[in-house]
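So the chains spell out like this:
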Amino acid sequence: MDMSALSDLQVVAIDGPAGSGKSTIGRALAERLGLEYLDTGAMYRAVAFSVIRAQADPDDTDRVRALARSMDLQMAGGRVLVDGVDATLEIRGPEVTRAVTAVAADPEVRAELCTRQRLWALERGGGVVEGRDIGSVVFPDAVLKVYLTASVEERARRRAQEMQDLDYDRVAQDLVRRDESDSSRAASPLVTADGAVEYDTTGVEVARVVEDLATMVAERM
Ligand code: DC
């Protein structure tokens, strides 16, 4: 891959912990800017789905790497197809959510998905890309790098609302567990990238955040 081509892309990188508003804001910002949107968390979830479907052990590194490399992944119109199977709902379920941490901690799985994310942006000239390492690792030259935060209480409340059968305390516990493992893993931990703008979305309306970020993009173009 010609790495110099990456610095010419119009990429907006959005990182932050679970429930910080990345997906809602990322989608709305992409629409506002007329760019496409990529949810890279869904890509890690797709690998975990593929591991579960193959009845493999998420800690069997060789197997997980092979599955990540061979996986055919189609993401369009809000649907996620893994090797032709519609995994849109299942990748949000508890089984995948439990398995994804181990999958996302492996450096070779990360390298594979990083390459796919760069190719995605190269094919489109850019886009709004959301994840945990987008500004720090995948697109360090993004036009705008944003690190979204929100209080644990607000993040757990949002997640519990998204999935109506989820109970607040379990969601809060799960969030804290995932934040901890995403931030403390050796490979591309969740960090605020150099030059990233930190934005606390606690109590701020989505439309307000989107307008603020669109203004920042316009100032940097
Ligand atoms: O955003 P999410 O909850 O769908 O992400 C699922 C998991 O994938 C989460 O535990 C962190 C991981 N992830 C990652 O390590 N790097 C990314 N760029 C995106 C997600």
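Residues numbered from 1 in each chain as written. Predicted model: local features only at pLDDT ≥ 70, side-chain atom pairs only at ≥ 80, totals over all residues. Heavy atoms only, no water.

A. Highlighting a negative patch on the surface. Taken together, the side chains of Asp57, Asp59, Asp60 and Asp62 present a region of like negative charge at the surface. Mapped onto the secondary structure, Asp57 falls in the loop between helix 2 (40–53) and helix 3 (61–70). Given a relative accessible area of 43%, Asp57 falls into the partly exposed group. (Patch = residues over 30% accessible without salt bridge, like charges linked within 9 Å, V, L, I, M, F, W, Y side chains within 5 Å. Areas by Shrake-Rupley, 256 points an atom, 1.4 Å probe, with all protein chains shown as cover. Salt bridge = Lys/Arg side-chain N within 4 Å of Asp/Glu carboxyl O. Lys, Arg positive; Asp, Glu negative; His and termini not counted. Charge placed at Lys NZ, Arg CZ, Asp CG, Glu CD. Helix = DSSP H or I, 4+ residues; strand = E, 2+ residues; numbered from the N terminus. Buried < 20%, exposed > 50% of the residue type's maximum accessible area, 1.4 Å probe, protein only.)

B. Region of the structure containing the layout of surface pockets. Quantified by volume, the second largest pocket comes out at close to 230 Å³. Together, Leu38, Met43, Leu73, Gln74, Met75, Arg116, Gln117, Leu119, Trp120, Glu123 and Arg124 line the second largest pocket. At six residues, the largest contribution of residues to the lining of the second largest pocket is made by helix 5 (residues 107–124). Here the lining of the second largest pocket is built from residues that sort into six nonpolar, two polar and three charged. (1 Å grid on protein atoms, 1.4 Å probe; cavity = no way out; pocket = protein on both sides within 12 Å on 5 of 7 lines; lining within 4 Å. Points joined across faces, edges and corners; volume = space filled by probe spheres on them. Nonpolar A, V, L, I, M, F, W, Y, C, P; charged D, E, K, R; others polar.)

C. Highlighting the packing of helix 7 (residues 152–162) against helix 8 (residues 168–184). Following both chains from N to C, one finds helix 7 and helix 8 inclined at 120 degrees, their axes separated by 9 Å at the closest point. Classified by the angle their axes make, helix 7 and helix 8 are oblique. Helix 8 is crossed by helix 7, and the crossing has right-handed handedness. In this structure, helix 7 uses Val152, Glu153, Arg155, Ala156, Arg157, Arg159 and Ala160 to contact helix 8, whose residues at the interface are Tyr168, Val171, Ala172, Leu175, Val176, Arg178 and Asp179. Classifying every residue of the contact of helix 7 with helix 8 gives eight nonpolar, no polar and six charged. (Axes fitted to C-alpha atoms, helices over the stretch in contact; angles between N-to-C directions. Parallel < 35°, antiparallel > 145°, perpendicular 65-115°, else oblique. Left-handed = near helix turned anticlockwise from the far one by under 90°. Contact = heavy atoms within 4.5 Å.)

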